[in-house]
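Structural characterization, general
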Amino acid sequence: MKISLPDNSIIELDDGATAMEAAAKIGSRLAKAAVAATVNGQPVDLSHQLAEGDAIGIITDNSPEGLEVIRHSASHVLASAVTQLYPGTQLGIGPAIADGFYYDFKFPSPVSENDLEKIEARMKEIIKAKVPFLRHELCREDAAEMFGAQPFKQELLADLSLDEKVTAYSIEGFTDLCRGPHLLDTGRVKTFKLLSVAGAYWRGDEKNPMLTRIYGTAFTSKKALDEHLERLKEAERRDHRVLGKQLDLFHIDEEVGAGLPLWHPRGALIRKIIEDFWRDAHLANGYEMVMIPHIASADLWKTSGHWDFYRESMYSPMDIDGQEYIVKPMNCPGHIKIYNSRTRSYRELPIRWAELGTVYRYERSGALHGLLRVRGFTQDDAHLFVRPDQLQDEIISVIRFVLYMLKTFGFDDYEVYLSTRPEKSVGSDEHWEQATSALKAALEEVGLAYELDPGEGVFYGPKIDMKIRDAIGRAWQCTTIQVDFNLPERFDVTYVGEDNSEHRPIMIHRALLGSLERFIGCLIEHYAGAFPLWLAPVQAIVLPIADRHNDYAGQVAGRLKEAGLRVDLDDRKESVGRKIRDAEMGKVPFMLIVGDKEADAGNVSVRSYAEGDRGSEAVDELAAKMTRQVEEKS
RNA sequence: GCCGGUGUAGCUCAGUUGGCUAGAGCAGCUGAUUUGUAAUCAGCAGGCCACGGGUUCAAAUCCUGUCACCGGCUCCA
């Protein structure tokens, strides 16, 4: 029979030949790398029997699709091991995910990370035994019977559409409801590792029972696995919670409260530098600063709708002179009140009001995480009041602005999402449609690739969310740009148009960095605590070699301070080696060593955190270089 | 909030099957050392063993409640 290949060439095979035989016919190296195949676009096992005229493609182990097959098969091996070791375990689902795979189980008794070793050992036996994956096509009744003791599988089965084929795969005595494809045999899961166990609701819904999820990963080579494990370790080394403690930037105090960070001098200094940059950039980009109080009467939140739509994130009201007040979870109503304080003309629009506004939101205890998820945080917030004809241009300029801001912090790789109308929402369909298409058009105008995130918008409007990719490739949600027709209506926000009648402006809510807490947490990890010069709380430290150099060291520090640099002097009675070590641990960008030679010549011996010993340099020259580098924010 | 885990000095960690005044390194303090590119030496001080109940002759250790933290689920700036 004749089979066509992706390059449209034709090969001749015996009738009844399998995908694997086709791969072997094409080449032995391909056959070795093959993990699955596609036939007429559909993924199939290598054992799949081809038919006359089929178009075949071979999925190899190093392609993303190939890795997915390997990981998916690994999850079956995991499930097989688990059912052998823990009889009576019920099976959830076990898919491949971005960096590995997981399988959800309902164990008869709790299983913890200590059990992973035992499970891994069993998995290795199964892999060593090279057990073939057997595919079964079942009729619905047989399937129902086969998974009689597996309520979760029954549920999956019941949800399959009637015209869908029911398939299952088995290795040894273990059979799982599964669409496939899988490897030929378990021996082809080469290197894997179980990583963690965690709770996970069945189908991600908290109304459902909690299952135990085992996470693992699999690769085609030990080297690739080791590299992945090394990446995980690198992420651990960059953990902002650990670095924040080490570098004395912030802490979260149990007696103050969970999710309420306290900024130490150095952390507060970094924050101040970012805030200054932020304010200057906003003033330069046509924004004005506003400020509002931290609590407001409950009436305000009833008018805004937060009382109804945002209740679960707001803290309980407090009684002030018999009136209810609420700590603000958002800044928008305050800004609207400023807008409404007098009549506005169409000539004034667009109005761009920005504030580093601190808000307090209830987060479930289990969601808190260092600076990345807290209960009190400062948004780099702004609200734009625009005429309908200005909407799209304003969105475009916000996008351009955020790209500039993020680039300054060393981020130039993004994931962009456009979120559309959720179920629980307010407003007319026309408004939603208008806003969504404005966002879409703006993204296209700027040329940003984006993904659609259906139903993930805010209750009052659609939004653009941006995730930044950090130095080791992780994505962080920071930026959000939201269009809002709702609040202007609720607060009866108007402007007087050219026609001398009242019109309704549209609001844009936007946070570029998201919140200072999250952004700085992310920055700490991005830079692994070694901040670039313009952000470093201590930019240079002068290290006198002996006490007799302290005077000169003080002069050097003074000169640099005059140049506007942040400089420390380490005049402790310690060895230079010790002073250098401590400065290295503190990740200070420049260590300036001064001894007799330097004092005589009027220069300093420069050691940079990034490059090590750089030899000596005149103080003024160094000051000029450093100030230039600060200005360039490089 | 839910599932699993953890909580010992400022930090990192020891602490056998419950059994003497709970240990170490680093940091801190005091003294000596005056030092040339990642830790000079010595001494001292520092602990309601997260918090509250309980079991026991005896609890850091066992049970239980609370709180916090960690890995996830959920949620999101």
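Parameters and conventions
Residues numbered from 1 in each chain as written. Chains lettered and ligands numbered in written order. Predicted model: local features only at pLDDT ≥ 70, side-chain atom pairs only at ≥ 80, totals over all residues. Heavy atoms only, no water. Helix = DSSP H or I, 4+ residues; strand = E, 2+ residues; numbered from the N terminus. Buried < 20%, exposed > 50% of the residue type's maximum accessible area, 1.4 Å probe, protein only. Contact = heavy atoms within 4.5 Å. Lys, Arg positive; Asp, Glu negative; His and termini not counted. Charge placed at Lys NZ, Arg CZ, Asp CG, Glu CD. Pairing = 2+ DSSP bridges. Axes fitted to C-alpha atoms, helices over the stretch in contact; angles between N-to-C directions. Patch = residues over 30% accessible without salt bridge, like charges linked within 9 Å, V, L, I, M, F, W, Y side chains within 5 Å. Areas by Shrake-Rupley, 256 points an atom, 1.4 Å probe, with all protein chains shown as cover. Salt bridge = Lys/Arg side-chain N within 4 Å of Asp/Glu carboxyl O. Domains from an automatic or database assignment. Disulfide = S-S within 2.5 Å. Near = heavy atom within 4 Å. Polar contact = N/O pair within 3.5 Å; in protein donor to acceptor, adjacent residues only side chain to side chain.

**Considering the overall build of chain A**
Looking only at helices and strands, chain A features 20 helices and 33 strands. Reported as C-alpha extents along the three principal axes, the dimensions of chain A are approximately 85 × 75 × 55 Å. Taking all 634 residues of chain A together, 51% fall into the buried category. A separation of at least 24 residues holds for 68% of the contacts in chain A among residues at least 6 apart in sequence. Both charge centroids of chain A, one from 76 positive and one from 100 negative side chains, sit 4 Å from each other.

**Let's talk about the environment of Ile-506**
Here Ile-506 lies in strand S28 (residues 506–515). Put simply, Ile-506 and Asp-412 are 94 residues apart on the chain and 30 Å apart in space, counted from C-alpha to C-alpha.

**Concerning the sheet that holds strand S29 (residues 540–544)**
Strands sit in the order S30-S29-S31-S32-S33 across an open sheet of five strands; the sheet is mixed. Here the strands that pair on one side only, and so sit at the sheet edges, are strand S30 (567–569) and strand S33 (612–618). The average undirected angle you get between the axes of adjacent strands in this sheet is 25°. Sheet topology places S29 next to strand S31 (residues 590–594); five bridges connect them, and they run parallel. By the bridge assignment, Leu-543 is partnered in S31 with Ile-593. Against the sheet, helix H20 (residues 619–632) touches S29, S31, strand S32 (603–608) and S33, its axis set at about 120° to S33.

**Side note on a negative patch on the surface**
On the surface, a cluster of negative charge is contributed by Asp-14, Asp-15, Glu-21 and Glu-52. Looking at the secondary structure, you find Glu-52 in the loop between strand S4 (42–44) and strand S5 (56–60).

**A few points about the domain arrangement of chain A**
Segmenting chain A into domains produces domain 1 (2–53), domain 2 (65–236), domain 3 (250–524) and domain 4 (540–632). Each of domain 1 and domain 3 was reduced to a C-alpha centroid, and the two centroids are 53 Å apart.

**Comments concerning the state of the cysteines**
For the structure on display, the rule yields zero disulfides. Looking at Cys-332, it has no disulfide partner, and the nearest cysteine sulfur is the one in Cys-478, 19 Å off. Given the relative accessible area of 2%, Cys-332 is considered buried. In this model Cys-478 remains outside any disulfide bridge; the closest cysteine sulfur is found in Cys-522, 4.9 Å from its own.

**Comments concerning the pattern of salt bridges**
Oppositely charged side chains may form a pair once their charged atoms are brought near each other. Taken as a whole and assessed by the stated rule, the structure comprises 43 salt bridges. A salt bridge links Glu-230 to Arg-237; the shortest N-O distance between them is 2.8 Å. Look at Arg-237 and you get partly exposed, because its relative accessible area is 46%. It is possible to trace a salt-bridge network through shared partners that takes in Glu-230, Lys-233, Glu-234, Arg-237 and Arg-238.

**Focus: the protein's contact with RNA strand B**
Near RNA strand B there are 58 residues, and of these Tyr-201, Ser-575, Arg-578, Glu-598 and Ser-605 occur at the shortest range. In the model, a phosphate oxygen of RNA strand B is placed 3.0 Å from a nitrogen or oxygen of the Ser-365 side chain. Within the backbone of Lys-573, a nitrogen or oxygen atom sits 3.4 Å from a base oxygen of RNA strand B.

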